[in-house]
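Chain residues, written in single-letter form:
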Amino acid sequence: MKRDILSMTDLHDLPEVLARATALKEGQSSGRELGGKSLAMIFEKSSTRTRVSFEVAMTQLGGHAIFLSPNDTQLGRGETIADTARVLGRFVNAIMYRAFSHVNMAELARCSRVPVINALDDLEHPCQITADLLTIQEHKGRLDGLKLAYVGDGNNVCNSLLLGTAMTGMNMAVACPQEHRPDEEIAAKAAEIASKAGVISEIITDPIEAVKDADVVYTDTWVSMGQEDEVALREKIFLPYQVNAELMSHARKDAIFMHCLPAHRGMEVTDEVMDGKQSVVFDQAENRLHAQKAILLSVITG
Ligand code: CP
Ligand code: NVA
């Protein structure tokens, strides 16, 4: 049976995926396992990291990646997601999809006979969070028992982080405005997984309380792709949630700062924190490559 990665919870073998990513990063694998294989990459939204890391991952694994934007394909002229999935499955070995809607993501997966990888939609960003967990493990030597504080918008990245931390035995506190909480169903699922693992998954409004005792402080943009009309309103609502040196001083002294990027300097994070000693944001970006190689191998070759 094909294996889709639409949600963080589809990575039920997360420890193995992380171990494989580490081995690939350390060069312990021959690395040409995807010779002759092709990946279709559909991007409905902009991307720097995701596009380049998936394309380079396929090249380094001996395969090939094809960039498809709706504007240049028949998707932009009304061919359905379902028919597109049926056609692509006749040519390629897997499809990577960056979508506006999780409903379309699920539809593509339903109609595709090859695996579909979610490269960000309105609900989740599992590839990012796999790379993030790899980064935390590298910097802290472990995941279980650590505390991650996410400060800002309860968006796709926050949703996948809630699941990813709970699945790896990490505590997580989200600090966000009441009207910008993470997805309710995902938060409930994460709380259930966390409770079974004996850790805490909580959503509060106070950023200082959230970062208290945190080993990791994480933030993301206040204005996700597609929300550009709300810039002025969002910048006002989220101002108390800026990650700056003052907020970082309430976390553990050895806390690391993380951001999936792209960052909006002076908004969700100050230059001082982004460029400071605690920041690991570019390690995170690099780890997209290694984490996605592990995901590609797992869905294409098993
Ligand atoms: N973090 C991330 O997914 O970046 P891109 O939008 O540049 O792909
Ligand atoms: N939350 C952001 C993440 C970008 C990588 C967005 O969806 O635009």
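Residues numbered from 1 in each chain as written. Chains lettered and ligands numbered in written order. Predicted model: local features only at pLDDT ≥ 70, side-chain atom pairs only at ≥ 80, totals over all residues. Heavy atoms only, no water.

What about the layout of surface pockets?
By volume, the largest pocket is sized at about 340 Å³. If you trace the largest pocket, you find 22 residues lining it, with Arg 98, Leu 120, Met 225, Leu 261 and Pro 262 closest to the centre. Elements with a contribution of two residues or more to the lining of the largest pocket: helix H2 (49-60) and helix H6 (156-167). Broken down by class, the residue content of the lining of the largest pocket amounts to seven nonpolar, 10 polar and five charged. Roughly 240 Å³ of volume is contained in the second largest pocket. What lines the second largest pocket is a set of 19 residues, and nearest its centre among them are Asp 122, Asn 155, Asn 156, Ser 224 and Gln 227. Residues of the lining of the second largest pocket, tallied by class, amount to four nonpolar, eight polar and seven charged. (1 Å grid on protein atoms, 1.4 Å probe; cavity = no way out; pocket = protein on both sides within 12 Å on 5 of 7 lines; lining within 4 Å. Points joined across faces, edges and corners; volume = space filled by probe spheres on them. Helix = DSSP H or I, 4+ residues; strand = E, 2+ residues; numbered from the N terminus. Nonpolar A, V, L, I, M, F, W, Y, C, P; charged D, E, K, R; others polar.)

Thoughts on the sheet that holds strand E5 (residues 147-151)
Read from one edge of the open sheet, five strands run E7-E6-E5-E8-E9, paired in parallel fashion. Strands at the two margins of the open sheet, each flanked by one partner only, are strand E7 (201-204) and strand E9 (256-259). Between one strand and the next, the sheet's axes are offset by a mean angle of 20°, whatever the strand orientation. Against the sheet, helix H12 (residues 281-300) engages strand E8 (216-219) and E9, with an angle of about 50° to E9. (Pairing = 2+ DSSP bridges. Axes fitted to C-alpha atoms, helices over the stretch in contact; angles between N-to-C directions. Contact = heavy atoms within 4.5 Å.)

Thoughts on the site of ligand 1
Contacts to ligand 1 come from Ser 47, Thr 48, Arg 49, Thr 50, Arg 98, His 125, Gln 128, Cys 260, Leu 261 and Arg 288. Within the side chain of His 125, one N or O atom sits 2.9 Å away from an oxygen atom of ligand 1. Relative to its unbound accessible area of 250 Å², ligand 1 is 96% covered by the protein chains. Applying the majority rule of atoms within 2 Å of the grid points places ligand 1 in the largest pocket. Residues belonging to the shell around ligand 1 are distributed by class as follows: two nonpolar, five polar and three charged. (Near = heavy atom within 4 Å. Polar contact = N/O pair within 3.5 Å; in protein donor to acceptor, adjacent residues only side chain to side chain. Areas by Shrake-Rupley, 256 points an atom, 1.4 Å probe, with all protein chains shown as cover. Sits in = over half its atoms within 2 Å of the grid points.)

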